[in-house]
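Reading the structure
Here are the chains, one letter per residue:
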Amino acid sequence: MATSDTPRISIVIPIYNEEAILHAAIVDVRERLKPLGWTYEIILAENGSKDRTIEIGRELAAKYGDAQDGQVKIISMGEPNYGKALKQGILLSRGDLVICDEIDLCDVDFHRRAVDILESGEADLVIGSKLAHGAEDDRPAIRHVASIAYSSMLKVLLGFRGTDTHGLKAFRRLALLDIVRSCLVDKDVFASELVIRADRGGVRTKEIPVRVIEKRPPSINLFKRVPNVMKSVLKLTYAIRVRG
Ligand SMILES: Nc1nc2c(ncn2[C@@H]2O[C@H](COP(=O)(O)OP(=O)(O)OP(=O)(O)O)[C@@H](O)[C@H]2O)c(=O)[nH]1
Ligand SMILES: [Mg+2]
């Protein structure tokens, strides 16, 4: 049940080996959220880091643990696994609205636009697309092309109707909670399963174009990710097409 100290918005950010930018990114995003006057929490969902990420996350949680708005929490568990961390973070969220962000993006413009859409009742899920008309993708061309190829694969294999499943999203928590729980794959492909299951389940979804400017290149090389992503996509195809 919502109490007066329940935040209206939960911002979930998976983190892995982010010692170089974590502190500055959180201080900066809290500063940029301040003028919006929201009551919100930030949930850092970590797993597998080998650097000082957990320590810095705990320092932030201690510093902002009692904040009325912008409380910071960290959860930390096991092996590196983006999807598992994101799922855990969502399940721990308390806000009516949940925003999923990435530490190298922290896109407050997306937060603001997505919350406006959710609150207007126009949609229950908002996807920030780096591939939709009007988006700007400042990442290297090879990663842009890889994202297009990945979305096309989801289109062919699973009938995905949007342009992007990865990255920024925001939703009404109760509208998506059962779908989050029903997702079967983890790692990179959890985010795609969530969006595709929402689409197939008739969740009212709106894609909005975003501008992607990363604070740093990703820690895992694109080509090293491909075999695991392919395996997970096949697992997802089986999970959705066969198991339903
Ligand atoms: N907990 C957790 N977080 C991760 C893991 N891998 C990446 N992240 C976090 O996920 C976010 C996005 O990671 P990036 O390394 O920027 O990857 P990316 O290729 O830009 O991500 P996409 O384009 O969305 O696939 C960052 O906040 C990372 O710290 C992981 O194994 N575990
Ligand atoms: Mg990135």
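Residues numbered from 1 in each chain as written. Chains lettered and ligands numbered in written order. Predicted model: local features only at pLDDT ≥ 70, side-chain atom pairs only at ≥ 80, totals over all residues. Heavy atoms only, no water.

A few words now on the coordination of the magnesium ion (ligand 2). The protein atoms that coordinate the magnesium ion (ligand 2) are D104 (OD) and E214 (OE), at distances spanning 2.2 Å. Taken as a pair, D104 in the loop between β4 (97-100) and α4 (108-120) and E214 in the loop between β9 (211-212) and α8 (222-243) lie far apart in primary sequence, 110 residues in all. The class of D104 is buried, set by a relative accessible area of 3%. (Donors = N, O, S within 2.8 Å, 3.2 Å for Na, K, Ca; no water. Helix = DSSP H or I, 4+ residues; strand = E, 2+ residues; numbered from the N terminus. Buried < 20%, exposed > 50% of the residue type's maximum accessible area, 1.4 Å probe, protein only.)

Another aspect to go through is the packing of aromatic side chains. Scanning the entire structure with this criterion turns up 0 aromatic pairs. One residue, R30, lies across the ring of Y64, its end atom 3.7 Å from the ring centre. (Phe/Tyr/Trp six-rings, centres within 6.5 Å; stacked < 30°, edge-to-face > 60°. Lys NZ or Arg CZ within 6 Å of the ring centre and 35° of its normal.)

Right, let's talk about the pairing of strand β5 (residues 125-129) for a bit. For β5, the buried fraction is high: 5 of the 5 residues fall into the buried class. In this sheet, strand β7 (residues 169-172) lies alongside β5 in antiparallel orientation, the contact comprising 3 bridges. Across the sheet, the residue bridging to L125 is F171, located in β7. Strand direction decides the pairing type here: β5 and strand β8 (residues 205-209), joined by 5 bridges, are parallel. Across the sheet, the residue bridging to G128 is I208, located in β8. (Pairing = 2+ DSSP bridges.)

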